[in-house]
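Coordinates in review
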Amino acid sequence: MVKKAKGKTTTLYVIDRPDLQRLFDVLIERGYDVIGPTVRDQVIVYDSINSVADLPVGKTDRSERGLYRVGEGEPQKLFNYNLGPQSWKKYLFPPTLRMWQARRENGGFVIEPEAHEPRRLAFIGVRACELSAMAVQDRVFMGGNYADPIYERQRENVFIVAVNCGKTNATCFCASMNTGPKATSGFDLALTEVLDTEQHYFVVEVGSDAGEAVLEAVPHRPAAEAEATATERIIAETTAHMGRSLDTTDIKTLLTDNYDHPRWDQVASRCLMCGNCTQVCPTCFCTTVEDVTDLSGNTAERRRLWDSCFSMEFSYIVGGSVRASGKSRYRQWMVHKLATWIDQFGTSGCVGCGRCIAWCPVGIDITEEASAIRAQNLAEKVPPIEKKRKK
Ligand code: SF4
Ligand code: SF4
């Protein structure tokens, strides 16, 4: 079926459930390492998978503040979950990366830079918010003065099969961030899983020439009108059941005008400064560099590691941390994510995936913190004359 949306025409196709394995086979035949969701240790993680059977078949997930559980869902469904703790950034921007190695030789050191050969990766099951998170990191690593060639080369070697969300969790707020639940760009193929009393199939939208070439090799047919409509119904239902929302109206001004808000003290009194929120966030990109030697002193290496703005060391310069208090570190994270990121990169640094809410051990909720500041906006209480001076 040909669907018209905002002046664009999109042809939709259908892959029937028994033919989905062929998609995996074609990607493997074309040299891709297929990475997708799979259940391990009662969590949905991303890892190398070879077949449909490796997906979280019949499983579902539940996230709330400080809580994440995987349980039984509709037995036949393959993508009836939202998000585990891991994001695709672990492949594009790995947690640990060796930059070079050195070994002692003839009284000196020989330095061997790391090759960082990109892998040919096919990501299966990328959600709309995660596509937006990749676009956010693309702006950080592939634009401006500080481009990362390692990221860029890996990014160019990724084939993306997005899957539109057919359910939401209590922690999801992509609809209010305009990042989901429907994948609109940044994919090669986008699937919507449809399971009704008679059929189980995937409606397919093609997003690139590479996607079209792969689809050609997989049994498929044009979507009938009823099948294409099923996608729209599923997306509408998912949007209607969104767990949370974040009001982004003038959020940059709201947060930067409220640096002295008492809410920062309240949230800091609860925050453990563990950095979980930054580790699970698909857009956080801060790193540190560590030099390591072996005990003999004959070999050494330099590593790049994920860091977190919640650690004291992160802002340590000439004898002290710039952000010594917990309050200043939480405020830095949230104001950067929702406000100053816009100055730097032209978009929000948050895509509404909700991982930081689920994986915060004390259940701190970024949407609640933002709305508490909005509810008591101190900038609005500044007398008009002072407001004028502030400008
Ligand atoms: S700040 Fe939280 S909700 Fe926003 S993208 Fe990061 S983990 Fe997801
Ligand atoms: S907000 Fe939560 S996850 Fe983030 S550092 Fe504080 S306690 Fe840890």
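Everything below is about the structure shown above.
Keep in mind the model is a prediction, meaning the values are calculated, not measured.

**Observations concerning the sheet that holds strand 8 (residues 108–113)**
- With antiparallel pairing, the four strands of this open sheet are ordered in space as 8-7-15-14. Of all strands in the sheet, those bounded by a partner on one side alone are strand 8 and strand 14 (287–293). Here the strands of the sheet are splayed against their neighbours by 20 degrees on average, with no regard to which way each runs.
- Relative to strand 8, strand 7 (residues 96–105) is paired through six bridges, and the arrangement is antiparallel.

**Observations concerning helix 3 (residues 128–142)**
- Its 15 residues place the ends of helix 3 20 Å apart at the C-alpha level, agreeing with the 21 Å of an ideal helix rising 1.5 Å per residue.
- Those residues of helix 3 not exposed but buried are Ala128, Cys129, Glu130, Leu131, Ala133, Met134, Val136, Gln137, Asp138, Val140 and Phe141.
- At the C-terminal side of helix 3, Gly144 shows a positive phi close to 70 degrees.

**Concerning the pairing of strand 9 (residues 121–126)**
- Of all six residues that make up strand 9, six are buried, and the element is covered over most of its length.
- Here strand 3 (residues 33–40) pairs with strand 9 via three bridges, running parallel. Looking at the pairing, Val34 lines up with Ala122 of strand 9.
- Relative to strand 10 (residues 158–163), strand 9 runs parallel, the two being bridged by five bridges. Counted as the bridge partner of Phe123 is Ile160 from strand 10.

**Notes on the packing of helix 9 (residues 263–270) against helix 11 (residues 326–345)**
- Taken N-terminus to C-terminus, the directions of helix 9 and helix 11 make an angle of 105 degrees; their axes are 8 Å apart at the nearest point. Between helix 9 and helix 11, the angle is such that the two are roughly perpendicular. Touching Trp264, Asp265, Val267 and Ala268 of helix 9 are Gly326, Lys327, Tyr330, Arg331, Met334 and Val335, all from helix 11.
- Class assignment of the residues belonging to the contact of helix 9 with helix 11 gives a composition of six nonpolar, one polar and three charged.

**Remarks on the site of ligand 2**
- Taken together, 13 residues are adjacent to ligand 2, and Cys271, Leu272, Cys274, Cys277 and Cys360 come closest.
- For the shell around ligand 2, the per-class residue count stands at eleven nonpolar, two polar and no charged.

**Digging into unusual backbone geometry**
- In this model, Gly180 is joined to Pro181 through a cis peptide bond whose omega is 5 degrees.
- With respect to the secondary-structure elements, Pro181 resides in the loop between helix 5 (174–177) and strand 11 (189–195).
- Its identity is not glycine, yet Asn178 carries a phi of approximately 60 degrees, on the positive side.
- Structurally, Asn178 can be placed in the loop between helix 5 and strand 11.
- Overall, Asn178 belongs to the exposed group, its relative accessible area being 71%.
- Despite not being glycine, Val318 shows a phi value in the positive range, around 30 degrees.
- Mapped onto the elements of the fold, Val318 is located in the loop between strand 16 (316–317) and strand 17 (320–321).

**Things to note about the pattern of salt bridges**
- Throughout the structure, instances matching the rule amount to 28 salt bridges.
- A salt bridge links Arg98 to Glu301, with the shortest nitrogen-to-oxygen separation between them at 3.2 Å. One end of the pair, Arg98, is in strand 7; the other, Glu301, is in strand 15 (residues 299–306), with 203 residues separating them in the sequence.
- For Arg98, a relative accessible area of 29% puts it in the partly exposed group.
- Note that Arg263 and Glu369 form a salt bridge whose closest N and O atoms lie 2.8 Å from each other. In this pair, Arg263 is assigned in helix 9 and Glu369 in helix 13 (residues 366–375), connecting sequence segments 106 residues apart. Neither Arg263 nor Glu369 differs from the other in exposure class; each is buried.
- Taken together, the salt bridges that share partners define one network made up of Arg65, Arg263, Arg270, Glu368 and Glu369.

What counts as what
Residues numbered from 1 in each chain as written. Chains lettered and ligands numbered in written order. Predicted model: local features only at pLDDT ≥ 70, side-chain atom pairs only at ≥ 80, totals over all residues. Heavy atoms only, no water. Pairing = 2+ DSSP bridges. Helix = DSSP H or I, 4+ residues; strand = E, 2+ residues; numbered from the N terminus. Axes fitted to C-alpha atoms, helices over the stretch in contact; angles between N-to-C directions. Expected span 1.5 Å × (residues − 1). Buried < 20%, exposed > 50% of the residue type's maximum accessible area, 1.4 Å probe, protein only. Parallel < 35°, antiparallel > 145°, perpendicular 65-115°, else oblique. Contact = heavy atoms within 4.5 Å. Nonpolar A, V, L, I, M, F, W, Y, C, P; charged D, E, K, R; others polar. Near = heavy atom within 4 Å. Salt bridge = Lys/Arg side-chain N within 4 Å of Asp/Glu carboxyl O.

Keep in mind these values describe shape, not function.
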